[in-house]
Amino acid sequence: MLRAGAKLATWLTLIGGGAAAAAVATSEDPFLTMKVCTIVPARLLRDFITAATIVMDYEYSTMGLKQGSVEWLQAKHEAHERSALRLRELCFRNGGIYIKLGQHIGQLQYLVPREYVETMRTSMLKRCPVSSYNQVREVCMQELGGPPEQIFLEFDPVPLASASLAQVHAAKTHDGRKVAVQHTHLTNTAVADIATVDLIVSFLHWCFPAFDYRWLVDEIRESVPKELDFLCEAKNSIQCLDNFRRMSPHIAEYIYAPKVYWDLSTSKLLTMEFMDAPEILDVNAIRQLGVQPIDVSRLVSQAFAEMIFKHGFVHCDPHAANMMVRSLPSSKWNIFGRRRPQLILLDHGLYKELDFETRTNYAALWRALIFSDANGIKEYSTKLGAGEDLYALFAGILTMRPWNRVIDPAVDHLVLEGNDGEQSELQVYASQYFPQISELLRRLPRVILLMLKTNDCIRAVNYSLLQGSSLDTFLIIGRVSSKVVVETKRKLQKNLLSSPIIWFEDMLLQARLLCMQIALWILQLEKQWKAMFG
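It should be emphasised that the depicted structure is a prediction, and the values quoted were computed from it without experimental measurement.

**Student:** Sorry, what's going on with the overall build of the protein here?
**Tutor:** A count of helical and extended segments in the protein gives 21 helices and ten strands. By sequence separation, contacts in the protein at least 24 residues apart represent 69% of the contacts at least 6 residues apart. When the accessible area of the protein is evaluated, it comes to approximately 25300 Å², of which 58% is carbon and sulfur surface.

Structural data, given as structure tokens:
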């Protein structure tokens, strides 16, 4: 193990020194490059110390203990906790790309040890780096030709929010419009950071073959340049809304994205409409609007089902900080004291396109999951890359249910109650199959891995809104995915005789969905009866 550490140190030194010398020699701005090259070695050293410490902790914590014993499990749990804290502190100290990595880990619920998920999830969205006002002025002068106090009538130097790669300030334009100004943190070390993270993850995989998250680094390497281009983000937001208007007009007015002020925007600075609305998990504020959390949950499920299965253009970072809720501007109070919600989507930097085959196979897989169709689950999981040996595991990761529940014909077979016992059961289930999960993640196309991440984000949001999952969510997914499957068959039909067969299949699906809806109403009545009369 010490030899491995020495090898890693040598690699880091050679790579860091060689990259620094080459960068200074070829840079158009040698002073900036020298500054970067003084930062990178310190980060490399921190990376090495953290990785080596984690490796040695796992190696020696369980030494002499029988694998699977109570003592071994306790030692592994404690090593997970210590290592998660070390990784968290590394991410905070290095910032930028490392924060993004920590956020990704925090969203991989049940795919990495729960100690890592809990540690990252509770901190990575709250302790992001903050640029100084001098840095903000520098970016504004470079991008818009003047300091914020000159370009804007008012500019709040205290940021409204700070994310891993950017932060947002409230401002007011000279014509009186209230806006949100987003700019990138100084990310001169982004390329070097990705390279060093790649090195560390590859080293950990070499030490622990079951730990194979190199795909995550590949995804960050591909997505970060897009997320740092704010003009690309602005165009994504426009395309997202246009897709709803063209392909999902029935809910288009319920989805909103802030307007972009193009004359005050560049690739590194984005000026948008200021949104005065509560975050999606601020349940009390949402209720004060006259909107019910269950309606918000349904809208979130509907919106992302439409994006994934119909549009094939998916917002892949829908965590709680990137969604807000307000009452629909045209909505009036109804007799039950409720108003309709409007979902405001923020941070459009990370989108993925699903090609026709992937999108339709994914829709068919979810239809099979909703209807407990074991053969369909196997067929479409295999087509998506899980293989015939890991399709059951893939189904379990998508639904957070063990295989026996996935194929249970009960109408609520996919519903999670949200109690601690059920959560613990799922975590134990995941830990038992950790090597298989790693192998599955290695096999799956990266676009499907991002769908898993999106699925986890949406599940977490709905969970927090409802304190558990809802059958409504699965009914919505069932309807949208089934409709896409039927429409695809109609497009691909080879002769007129296929039409009656497709029509009959559609009628059976609609009848089954109706039965599920009736069963849902009965279950809700039963819960209300028990709540009222015990």
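Let's pick the thread back up.
**Student:** Just to check I follow, could you spell out the packing of helix α13 (residues 356-370) against helix α14 (residues 374-383) for this structure?
**Tutor:** The geometry of a pair of packed helices is captured by two quantities: the angle between their axes and the separation between those axes. For the pair α13 and α14, the least separation of the axes is 8 Å and the interaxial angle reads 155 degrees. In terms of orientation, α13 and α14 fall into the roughly antiparallel class. Seen along the crossing, α13 lies across α14 with a hand that is left-handed. In this structure, α13 contributes N361, A364, L365, A368 and L369 to the contact, and α14 contributes G376, I377, Y380, S381 and K383. Tallied by class, the residues present in the contact of α13 with α14 amount to six nonpolar, three polar and one charged.

**Student:** It is not clear to me how the sheet that holds strand β9 (residues 341-345) should be interpreted in this structure. Could you clarify?
**Tutor:** Strand-to-strand pairing in sheets goes through backbone hydrogen bonds, with the strands running parallel or antiparallel. Spatially, three strands are ordered β5-β9-β8 in an open sheet, and the strand pairing comes out mixed. The sheet terminates laterally at β5 (255-256) and β8 (323-327), the two strands that pair on one side only. As paired strands, β5 and β9 are joined by two bridges and run parallel to one another. From the neighbouring strand, Y256 faces β9, where its bridge partner is I344.

**Student:** Got a minute to help me understand the side chain of Q167 in this structure?
**Tutor:** With respect to the helices and strands, Q167 occurs in strand β3 (residues 166-172). Polar side-chain contacts of Q167 include one of 2.9 Å to the side chain of H169.

**Student:** Any chance you could explain the confidence of the model for the protein here in plain terms?
**Tutor:** Predicted coordinates in areas of low pLDDT are best not read in detail. Counting all residues, the mean pLDDT for the protein is 81, and 83% of those residues have values of 70 or more. Looking over the protein, one finds the lowest element-wise mean pLDDT in helix α1 (residues 2-26), namely 49, and the highest in β5, namely 97. Overall, residues 19-29 carries pLDDT values under 50, and its contacts beyond four positions in sequence, including any with other chains, amount to seven contacts.

**Student:** Help me understand unusual backbone geometry in this model?
**Tutor:** Located in the positive-phi region is S372, a residue other than glycine, with phi close to 55 degrees. Relative to the helices and strands, S372 resides in the loop between α13 and α14. You will see that M400, though not glycine, has its phi angle at about 60 degrees, which is positive. With a relative accessible area of 4%, M400 lands in the buried category.

**Student:** Help me understand the nonpolar core in this model?
**Tutor:** The nonpolar side chains of soluble globular proteins are, as a tendency, buried together. With 87 residues, the main nonpolar core has F309, Y362, W366 and F394 as its most contacted residues. Tallying contributions element by element places helix α20 (residues 471-492) first for this core, with nine residues. Excluding residues that lie within four positions of it along the chain, F394 makes contacts with L365, S381, L384, A386, L440, L444, I448 and L452. With 29 residues, the next largest nonpolar core counts F244, I255, L328 and L345 among its residues.

**Student:** Quick question: what am I supposed to make of helix α12 (residues 293-311) here?
**Tutor:** Because each turn of an α-helix spans 3.6 residues, side chains separated by three or four positions in sequence point in the same direction. The terminal C-alpha atoms of α12 lie 26 Å apart, and with 19 residues this matches the ideal 27 Å at 1.5 Å per residue to within 8%. In terms of burial, α12 is largely enclosed, as 17 of its 19 residues are buried. Immediately beyond the C-terminal end of α12, within one or two residues, lies G312, with a positive phi of roughly 70 degrees.

**Student:** How do you make sense of the pairing of β8 when you look at a structure like this?
**Tutor:** Each regular strand displays side chains that alternate between the two surfaces of the sheet. Across the five residues that make up β8, a large majority, four, are buried. When β8 meets β9, the two strands line up antiparallel, connected through five bridges. Opposite V325, over in β9, you have L343 as the bridge partner.

**Student:** Sorry if this is basic, but what is going on with the packing of aromatic side chains here?
**Tutor:** Describing an aromatic ring pair means giving the distance of the ring centres and the angle of the ring planes. Enumeration over the complete set of coordinates arrives at five aromatic pairs. Relative to F155, the ring of Y133 has its centre 6.3 Å away and its plane inclined at 45 degrees; by these criteria the two rings are tilted. Here Y133, found in helix α6 (residues 133-144), pairs with F155, found in strand β1 (residues 154-155); they are 22 residues apart in sequence, far enough to count as distant. Residue class for F155 comes out buried when judged on its relative accessible area of 14%. Its end group placed over the ring of F274, K178 keeps NZ or CZ at 4.2 Å from the ring centre. Between R326 and the ring centre of Y256, over which it is positioned, the NZ or CZ distance is 4.6 Å.

**Student:** Could you clarify how one ought to interpret the pattern of salt bridges in this entry?
**Tutor:** Pairing between side chains becomes possible if they bear opposite charge and their charged atoms approach one another. Counted by the stated rule, this structure contains 20 salt bridges. Between R443 and E439 there is a salt bridge, with the nearest N and O atoms lying 3.0 Å from each other. Residue R443 and its partner E439 are located together in helix α18 (residues 434-443), separated by four residues, close to a single helical turn. Under the relative-accessibility criterion, R443 is labelled partly exposed at 29%. A relative accessible area of 26% places E439 in the partly exposed class. Here the residues in one salt-bridge network are E222, K226, K352 and R446, joined through shared partners.

**Student:** Whenever I open this one, the packing of α13 against α20 confuses me. Can you help?
**Tutor:** Relative orientation of the contacting elements α13 and α20 amounts to 130 degrees, with a least axis distance of 8 Å. Judged on the interaxial angle alone, α20 and α13 are oblique. Along this stretch, α13 crosses α20, giving a crossing that reads as left-handed. Taken together, the residues of α20 that come into contact with α13 (itself represented by F356, R359, T360, A363, A364, W366, R367 and I370) are F474, I477, G478, S481, S482, V484, V485, T488, K489 and L492. A per-class count over the contact of α13 with α20 returns ten nonpolar, five polar and three charged.

**Student:** Explain the side chain of E306 to me, please; I cannot follow it from the model alone.
**Tutor:** Relative to the elements of secondary structure, E306 occurs in helix α12. Once residues lying within four places of it in the same chain are set aside, the contact partners of E306 are F244, S248, H250, I251, H311 and V480.

Parameters at a glance
- Residues numbered from 1 in each chain as written.
- Predicted model: local features only at pLDDT ≥ 70, side-chain atom pairs only at ≥ 80, totals over all residues.
- Heavy atoms only, no water.
- Helix = DSSP H or I, 4+ residues; strand = E, 2+ residues; numbered from the N terminus.
- Contact = heavy atoms within 4.5 Å.
- Areas by Shrake-Rupley, 256 points an atom, 1.4 Å probe, with all protein chains shown as cover.
- Axes fitted to C-alpha atoms, helices over the stretch in contact; angles between N-to-C directions.
- Parallel < 35°, antiparallel > 145°, perpendicular 65-115°, else oblique.
- Left-handed = near helix turned anticlockwise from the far one by under 90°.
- Nonpolar A, V, L, I, M, F, W, Y, C, P; charged D, E, K, R; others polar.
- Pairing = 2+ DSSP bridges.
- Polar contact = N/O pair within 3.5 Å; in protein donor to acceptor, adjacent residues only side chain to side chain.
- pLDDT = per-residue confidence, 0-100.
- Buried < 20%, exposed > 50% of the residue type's maximum accessible area, 1.4 Å probe, protein only.
- Core = buried A, V, L, I, M, F, W, Y, C linked by side-chain atoms within 4.5 Å.
- Expected span 1.5 Å × (residues − 1).
- Phe/Tyr/Trp six-rings, centres within 6.5 Å; stacked < 30°, edge-to-face > 60°.
- Lys NZ or Arg CZ within 6 Å of the ring centre and 35° of its normal.
- Salt bridge = Lys/Arg side-chain N within 4 Å of Asp/Glu carboxyl O.

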